[in-house]
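# Per-entry structural report
Here's the letter readout for the chains.
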Amino acid sequence: MKAHIASVLFLIFLPLYFMAQDSNRHKVYLIPGQAADYRSFQFLELDDKYEIEIIEHPLPERNESMVSLARRLSASIDTTRSYSFVGVSLGGMLAIEMSKYLQPEKIIIIASIKGQQEMPKRYKFLRVVPLYKLFNGGFYQWGANFLRPLFEHDSDQVDEISRAMLEAKPRNYIKRTIHCIITWRNETIPENLVHIHGDKDNTLPHKNIGEAITIKNGTHMMVMTSAKEVSQIINQTLAEVQLSAPSVQREE
């Protein structure tokens with residue numbers, strides 16, 4: 001009888017033990033870029049000691065700001081445990097904005113910008129002269145599909161994945177995210193931020209980027225095309241995380 005009770009208790013508490021162990025693992029939130037999704041991270045090789053979650057940013061409302069979009073995205077973050085952000089392009093900008101009221105251990109941005117000082121001149125021009133508002137969402141979907149291979153010279157496999165990710169987005173997605181990016185005016189750079197950027201990035205040119213770890217021949221899609229090098233830097237950065245206390249949300 002005692003052996004039977006012991007077996008039952010073992011079966012009850014064993015899952016609880018593993019749940020407790022899992023909750024102690026550092027959680028890494030992967031935030032994809034503009035017109036991208038979970039597929040953009042498929043070539044990364046991250047250490048299996050981390051719990052990985054990919055969070056998709058929602059469709060922005062009409063004329064929604066980066067600040068507002070980041071606020072909505074932050075609802076996906078479990079602040080009761082230790083966590084870090086890895087954001088690509090637009091995802092990196094959202095990670096920086098969320099870090100203003102959340103406390104990630106590390107913020108790693110890839111093929112992104114830290115603020116308005118690193119924006120290409122064409123973005124700054126469109127902020128002053130918002131010509132992008134003249135065209136509908138379908139125009140930008142077509143334009144992104146047509147122009148991306150001309151700007152970023154990646155493999156056929158990457159081009160195919162990029163087209164599939166773009167086609168999965170709502171018709172007005174590109175136009176609304178363009179507004180978020182162009183009107184973003186961040187000037188605060190978190191101390192715990194690591195920036196990884198490619199010297200062949202034609203979307204967000206390397207010449208405009210301040211302090212960053214440079215990937216030789218890295219393009220704007222280097223999270224796929226230079227996945228090995230990017231993975232090594234991410235793993236090295238996350239290895240510095242101290243798990244002494246959970247991250248908590250800051251008081252407003």
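First, a word on what this report is: a plain description of the structure on this page. Predicted model only: the values in this text are computed from it and were never measured.

### What to know about the sheet that holds strand β4 (residues 107-110)
One open sheet holds the six strands; their spatial order is β2-β1-β3-β4-β5-β6, and the pairing between them is parallel. Both outer strands of the open sheet, β2 (51-54) and β6 (213-215), are each paired with one neighbouring strand and no more. Taken over all neighbouring pairs, the strand axes of this sheet differ in orientation by 20° on average, direction set aside. Note: β4 against strand β5 (residues 193-198), four bridges, orientation parallel. Within β5, the position partnered with I107 by the bridge is L193. Helix-sheet contacts for helix α9 (residues 227-238) involve β1 (27-31), β3 (83-88), β4, β5 and β6, and the interaxial angle to β4 is about 165°.

### Notes on unusual backbone geometry
One non-glycine residue with positive phi stands out, namely N63, at about 60°. Within the secondary structure, N63 is located in the loop between β2 and α2 (66-73). Even without being glycine, A111 reaches a positive phi, approximately 50°. For A111, the position within the fold is in the loop between β4 and α4 (121-128). Residue class for A111 comes out buried when judged on its relative accessible area of 0%.

Conventions and cut-offs
- Residues numbered from 1 in each chain as written.
- Predicted model: local features only at pLDDT ≥ 70, side-chain atom pairs only at ≥ 80, totals over all residues.
- Heavy atoms only, no water.
- Pairing = 2+ DSSP bridges.
- Helix = DSSP H or I, 4+ residues; strand = E, 2+ residues; numbered from the N terminus.
- Axes fitted to C-alpha atoms, helices over the stretch in contact; angles between N-to-C directions.
- Contact = heavy atoms within 4.5 Å.
- Buried < 20%, exposed > 50% of the residue type's maximum accessible area, 1.4 Å probe, protein only.

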